[in-house]
Amino acid sequence: MDAADVDADLTNTLFTEEQIQSRLGELAKQIEADYEGEDLLIVGVLRGAVMVMADLARSFNRHVEMDWMAVSSYGSGTKSSGVVRILKDLDTDISGRHVLIVDEIIDTGLTLSWLTSNLNSRNPASVTICTLLRKPEAVRMDVDVKYVGWDIANEFVVGYGLDYHEKYRNLRSIGTLAPHVYA
């Protein structure tokens, strides 16, 4: 789905598909350099990170193992509920492994703070975070994020995995959702 298909629902396009792919390629090169000679397990945070995880993994010029977790601090609205729930756990034992959490956005930081703490309790060699987007103005929990695609304003964004009521995830770009959609 392209932005033109939902033009009335967006106030603007923040990042095009081409910009996203280019930035993920840059992040993959940086990650490869940092983990040269190390096995790396990338852990996608379902559901939003599906697009980011797939395209980031395809940008690597090396083998990476992938696994998925589903955790949520969102209800059906546009604000964090403040409660983290684990919906699907890892299938992989991460003891002694280098783990890179891949997410699409850091909003309050609550989910990733909790997830990082949870994974660190499983004795990995390391846990780092890669996110496509971060909202510095919205962060309530201190989260050490090593790889950030872009910092953005504290607006409700959709596309490229980001949703509102499970819609807009398959939008190829990222845009700001018009308030009339969620008001």
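Each remark here, short or long, concerns the structure printed above.
Residues numbered from 1 in each chain as written. Predicted model: local features only at pLDDT ≥ 70, side-chain atom pairs only at ≥ 80, totals over all residues. Heavy atoms only, no water.

## Section: the overall build of the chain
In plain terms, the rule: A run of H or I in DSSP becomes a helix once it reaches four residues, and a run of E becomes a strand once it reaches two; helices and strands are each numbered from the N terminus. Radius of gyration here is computed from C-alpha atoms only, and the compact-globule reference equals 2.2 Å multiplied by the residue count raised to the power 0.38. In this scheme, a residue with accessible area under 20% of its type's maximum is buried, one over 50% is exposed, and one in between is partly exposed, where area comes from a 1.4 Å probe on protein chains only. Surface exposure here means Shrake-Rupley accessible area, sampled with a 1.4 Å probe, where a residue is shielded only by the protein chains that are shown. Under the counting rule used here, the positive set is Lys and Arg, the negative set is Asp and Glu, and His together with the chain ends is not counted. By convention, charge coordinates are those of NZ in Lys, CZ in Arg, CG in Asp, or CD in Glu.
Regarding its fold elements, the chain presents four helices and nine strands. Moving toward the C terminus, one meets the helices and strands of the chain in the order β-α-β-α-β-β-β-α-β-β-β-β-α. In terms of overall size, the chain behaves like a compact globule, its C-alpha atoms giving a radius of gyration of 16 Å where 183 residues would be expected to give roughly 16 Å. Taken over the C-alpha atoms alone, the chain extends approximately 50 × 35 × 25 Å along its principal axes. Within the chain, the fraction of its 183 residues that count as buried is 51%. When the accessible surface of the chain is totalled, it reaches about 9000 Å², and 46% of it is carbon and sulfur. Considering the chain, the positive charge centre built from 17 side chains and the negative charge centre built from 28 side chains are found 4 Å apart.

## Focus: the sheet that holds strand β8 (residues 157-158)
Note the threshold: When DSSP locates at least two bridges between a pair of strands, those strands are taken to pair.
If you trace the three strands from one edge of the open sheet to the other, you get β1-β9-β8, paired in antiparallel fashion. Of all strands in the sheet, those with a lone pairing partner are β1 (10-15) and β8, marking the two edges.

## Concerning the packing of aromatic side chains
Our working rule: Side-chain rings of Phe, Tyr and Trp (the six-membered ring for Trp) are treated as a pair once their centres are within 6.5 Å; stacked means planes under 30 degrees apart, edge-to-face means over 60, and tilted covers the remaining angles.
For the coordinates displayed, the defined rule picks out four aromatic pairs. Look at Phe-156 and Tyr-164: their rings are 5.8 Å apart centre to centre, the planes differ by 85°, and that puts the pair in the edge-to-face class. Tyr-164 matches Phe-156 in its accessibility class, with the two residues each being buried. Among the aromatic residues, those joined into a cluster by ring pairs are Phe-156, Tyr-164 and Tyr-182.

## Looking at the nonpolar core
Heads up, the condition is: Note on terminology: a nonpolar core comprises buried Ala, Val, Leu, Ile, Met, Phe, Trp, Tyr and Cys residues joined through side-chain atoms within 4.5 Å. Whether two residues are in contact is decided by their heavy atoms, any of which lying within 4.5 Å being enough.
In this structure, Ile-31, Leu-56, Leu-132, Leu-133 and Ile-174 are the most contacted members of the largest nonpolar core, which totals 27 residues. Elements represented by at least two residues in this core include exactly α1 (17-34), β2 (40-46), α2 (50-59), β5 (98-106), β6 (126-134) and β7 (147-151). Broken down by element, the residue count for this core peaks at five residues, all from α1. When near neighbours in sequence (up to four residues on either side) are disregarded, Ile-31 contacts Leu-40, Leu-56, Phe-60, Leu-100, Cys-130 and Tyr-147. Counting residues in hydrophobic clusters, the runner-up holds 20 residues, among them Met-69, Val-127, Val-143 and Val-145.

## Regarding unusual backbone geometry
Leave glycine aside and you will find that most residues have negative phi; peptide bonds, for their part, are mostly trans. Here the amide bond leading from Leu-46 into Arg-47 is cis, since omega sits at 0°, within 30 degrees of zero. The phi dihedral of His-165 is positive, around 55°, even though this residue is not glycine. Tracing the chain through its elements places His-165 in the loop between β8 and β9 (174-177). In this structure His-165 comes out as partly exposed when scored by relative accessible area, which is 44%.

## Notes on α1
Stated formally: Helix span is expected to be 1.5 Å times the residue number reduced by one.
With 18 residues, α1 ought to run about 26 Å at 1.5 Å a step, and its terminal C-alpha atoms sit 26 Å apart, in line with that. Residues of α1 that are buried include every one of Ile-20, Arg-23, Leu-24, Gly-25, Leu-27, Ala-28, Ile-31 and Glu-32, and no others.

## Quick word on the pairing of β9
Summarising the sheet, β1 and β9 pair through four bridges and their orientation is antiparallel. If you follow Leu-10 over to β9, its bridge partner there is Leu-177. Pairing analysis gives two bridges linking β8 to β9, with the strands arranged antiparallel. Following the sheet pairing, Val-158 is matched in β9 by Gly-175.

## Regarding the side chain of Glu-32
As a reminder, the rule being used: A pairing counts as a salt bridge when a side-chain nitrogen of Lys or Arg comes within 4 Å of a carboxyl oxygen of Asp or Glu. The definition of a polar contact used here is a pair of N or O atoms within 3.5 Å, where within protein one atom must be able to donate a hydrogen and the other to accept one, and adjacent residues in sequence count solely through side-chain atom pairs.
The topology assignment puts Glu-32 in helix α1. In this structure Glu-32 is buried but unpaired, with Arg-62 as the nearest side chain of opposite charge at 5.5 Å. Among the polar contacts made by the side chain of Glu-32, one reaches the main-chain amide nitrogen of Arg-62 at a distance of 3.5 Å. Ignoring sequence-local partners within four residues, the contact set of Glu-32 consists of Phe-60, Asn-61 and Arg-62.

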